[in-house]
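# Commentary on secondary and tertiary structure
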Amino acid sequence: MIGSLIYAMTCTRPDLSWIVSRLSQTLSNPRTGDLIAAKHVLRYLKGTVDYELCFKKSDADLQLTAYSDSDWASCLEDRRSTTGYCCTLTEGGPLISWKSRKQPTAAISTCEAEYVALANTAQECLYLTQLLNGMYKKVHQSMKVSVDNQGAIELSKNPVNRQRSKHIDIKYHFVREMYVKGMIDIVYCPTQDMVADILTKPPTKCKLDNFKSIVFGCGN
């Protein structure tokens, strides 16, 4: 059942990313609650069977835009946070890349969790930029990354070791180098407009309705 949901989530249903990621973590020791949750997902799919990614021709220039978000210590077992990011080529969507996954280390603050998520998003940005540059003659150099945490934005722009951030692994400071080179432009995005929020926690019906147009590119 989970394998089928993974296939759907990977190919056409970004809105399933969080719950499929969470259910995948219980495959070695599934419980009754996990089966009930999986059945709820199947009921949701049956009610939204017409949801699909809709790619349309755009008269505007293509512009890579990424949304990066994270919760904090949501897993009750190991207190690790969840990273969520997604990318689009046009302002109206749909998504061309998305990911929801548990972070490999425990973050001691929301700022650190958001910073780790931002570093993962920067890696995806670099890959997509290289891919597009290989497909088109137009060179894509800078990608806008929207983040809803001011602390993570300042940490990525100001390479200063502070008391609460000096322990962060050097591999996550990769985002600073990309920002200095002008490869990404990090901007603030209010939480209510953060599309990646549905990839880090259980999305409400209201949020799914608000972000449906940009997630699927349906224009509704």
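Quick note: structure is the one above.
The following paragraphs examine the structure supplied in this document. (Residues numbered from 1 in each chain as written. Predicted model: local features only at pLDDT ≥ 70, side-chain atom pairs only at ≥ 80, totals over all residues. Heavy atoms only, no water.)

The next thing to look at is the layout of surface pockets. Approximately 360 Å³ is the volume found for the largest pocket. If you trace the largest pocket, you find 16 residues lining it, with Arg22, Thr26, Arg31, Asp34 and Glu77 closest to the centre. Looking at the lining of the largest pocket, the elements that each hand over two or more residues are helix H2 (17-24) and helix H3 (32-47). A total of four residues in the lining of the largest pocket trace back to one element, the largest contributor, which is H2. (1 Å grid on protein atoms, 1.4 Å probe; cavity = no way out; pocket = protein on both sides within 12 Å on 5 of 7 lines; lining within 4 Å. Points joined across faces, edges and corners; volume = space filled by probe spheres on them. Helix = DSSP H or I, 4+ residues; strand = E, 2+ residues; numbered from the N terminus.)

On to empty space enclosed by the protein, then. In total, this model carries one cavity of 30 Å³ or more according to the counting rule given. Here the largest cavity is characterised by a volume of approximately 40 Å³. Contributing to the lining of the largest cavity are Asp15, Tyr44, Tyr51, Ile198, Leu208, Phe211, Lys212, Val215 and Phe216. Among the elements that line the lining of the largest cavity, the one with the most residues is helix H7 (residues 205-216), at five residues. Taken together, the residues that form the lining of the largest cavity break down as seven nonpolar, no polar and two charged. (Nonpolar A, V, L, I, M, F, W, Y, C, P; charged D, E, K, R; others polar.)

Burial analysis of H2 places six of its eight residues in the buried class, the great majority of the element. Where H2 is concerned, the buried positions are Ser17, Trp18, Ile19, Val20, Ser21 and Leu23. Contacts made by the buried residues of H2 are with helix H1 (2-11), H3, strand E2 (82-88) and strand E3 (95-102). (Buried < 20%, exposed > 50% of the residue type's maximum accessible area, 1.4 Å probe, protein only. Contact = heavy atoms within 4.5 Å.)

Next up on the list: the nonpolar core. With 28 residues, the main nonpolar core has Leu16, Tyr67, Cys86, Trp98, Val195 and Val215 as its most contacted residues. At the level of secondary structure, the elements contributing two or more residues to this core comprise H1, H2, H3, E3 and H7. A per-element tally of this core places H7 first, with five residues. Each of domain 1 (1-51) and domain 2 (65-199) gives at least three residues to this core. With sequence-adjacent residues up to four places away left out, Val215 is seen in contact with Pro14, Leu53, Pro94, Leu95, Val195 and Ile198. The next biggest cluster of nonpolar side chains, apart from the first, holds 24 residues, and it includes Ala66, Tyr115, Val116 and Ala122. (Core = buried A, V, L, I, M, F, W, Y, C linked by side-chain atoms within 4.5 Å. Domains from an automatic or database assignment.)

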